[in-house]
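# Analysis of the macromolecular model
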Amino acid sequence: MDKTVLANFKRIDMEPFNEAMDLISGKWKMNILFCISEIGTMRYGEIRSTLGNITNRVLSKKLKELEENDLIIRKEYPQIPPKVEYSLAPKGKSLLPILRMICDWGKDNEMFPRKDVK
């Protein structure tokens, strides 16, 4: 690689990229965001059953992290039994074009044959 290209590369500010990746990285965060973006407002049990093999502990933790980072909104209703709904916050909605592009890229570049979805 040319030294001038390398010198310019070293000046790239990676902090915004790293901060963004910290918000959505991990096995489940993007799945949760994509799920809520496709279905809309969801309750905890709906998210869990849609995602499949996520544990209660992990789902609770990831939802809390997404809420703390202002990507989702948690709305609690004062009733018995308790009712809690999750929806995308404006910051989370701003990720939708990126999530859709990643989904499209995944469809266009399938590495493994898809299982028939019924």
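Not measured: the values here are computed from a predicted model. (Residues numbered from 1 in each chain as written. Predicted model: local features only at pLDDT ≥ 70, side-chain atom pairs only at ≥ 80, totals over all residues. Heavy atoms only, no water.)

Looking only at helices and strands, the protein chain has seven helices and three strands in total. Walking the protein chain from its N terminus toward its C terminus, one meets helices and strands in the order α-α-α-β-α-α-β-β-α-α. Of all 118 residues assigned to the protein chain, the portion counted as buried reaches 24%. Within the protein chain, contacts between residues at least 6 apart in sequence are counted, and of these 47% link residues at least 24 apart. (Helix = DSSP H or I, 4+ residues; strand = E, 2+ residues; numbered from the N terminus. Buried < 20%, exposed > 50% of the residue type's maximum accessible area, 1.4 Å probe, protein only. Contact = heavy atoms within 4.5 Å.)

Running from N to C, helix H4 (residues 44–51) and helix H5 (residues 56–68) cross one another at 115°; their axes reach a closest spacing of 11 Å. Read as a crossing pair, H4 and H5 show a hand that is right-handed. Here Tyr44, Ile47, Arg48 and Leu51 of H4 lie close against H5, whose contacting residues are Asn56, Leu59, Ser60 and Leu63. (Axes fitted to C-alpha atoms, helices over the stretch in contact; angles between N-to-C directions. Left-handed = near helix turned anticlockwise from the far one by under 90°.)

A few words on H5. With 13 residues, H5 ought to run about 18 Å at 1.5 Å a step, and its terminal C-alpha atoms sit 18 Å apart, in line with that. All of the buried residues in H5 are Leu59, Lys62, Leu63, Glu65 and Leu66. Buried residues of H5, seen end-on, are gathered within an arc of 160° and therefore sit on one face of the element. Of the residues in H5, the exposed ones pointing more than 90 degrees away from the buried face are Arg57, Lys64 and Glu68. Here the buried face of H5 lies against helix H2 (15–24), helix H3 (29–39), H4, strand E2 (72–77) and strand E3 (83–88). Positive phi shows up at aspartate 70, right after H5, with a value of about 60°. (Expected span 1.5 Å × (residues − 1). Arc of directions from axis to C-beta.)

The next subject is the sheet that holds E3. Read across the open sheet, the three strands follow the order E1-E3-E2; overall the sheet is antiparallel. Since the sheet does not close on itself, it has two edges, and those belong to strand E1 (42–43) and E2, each with one partner. For E1 and E3, the ladder comprises two bridges, and the chain directions are antiparallel. Bridged to methionine 42 within E3 is tyrosine 86. (Pairing = 2+ DSSP bridges.)

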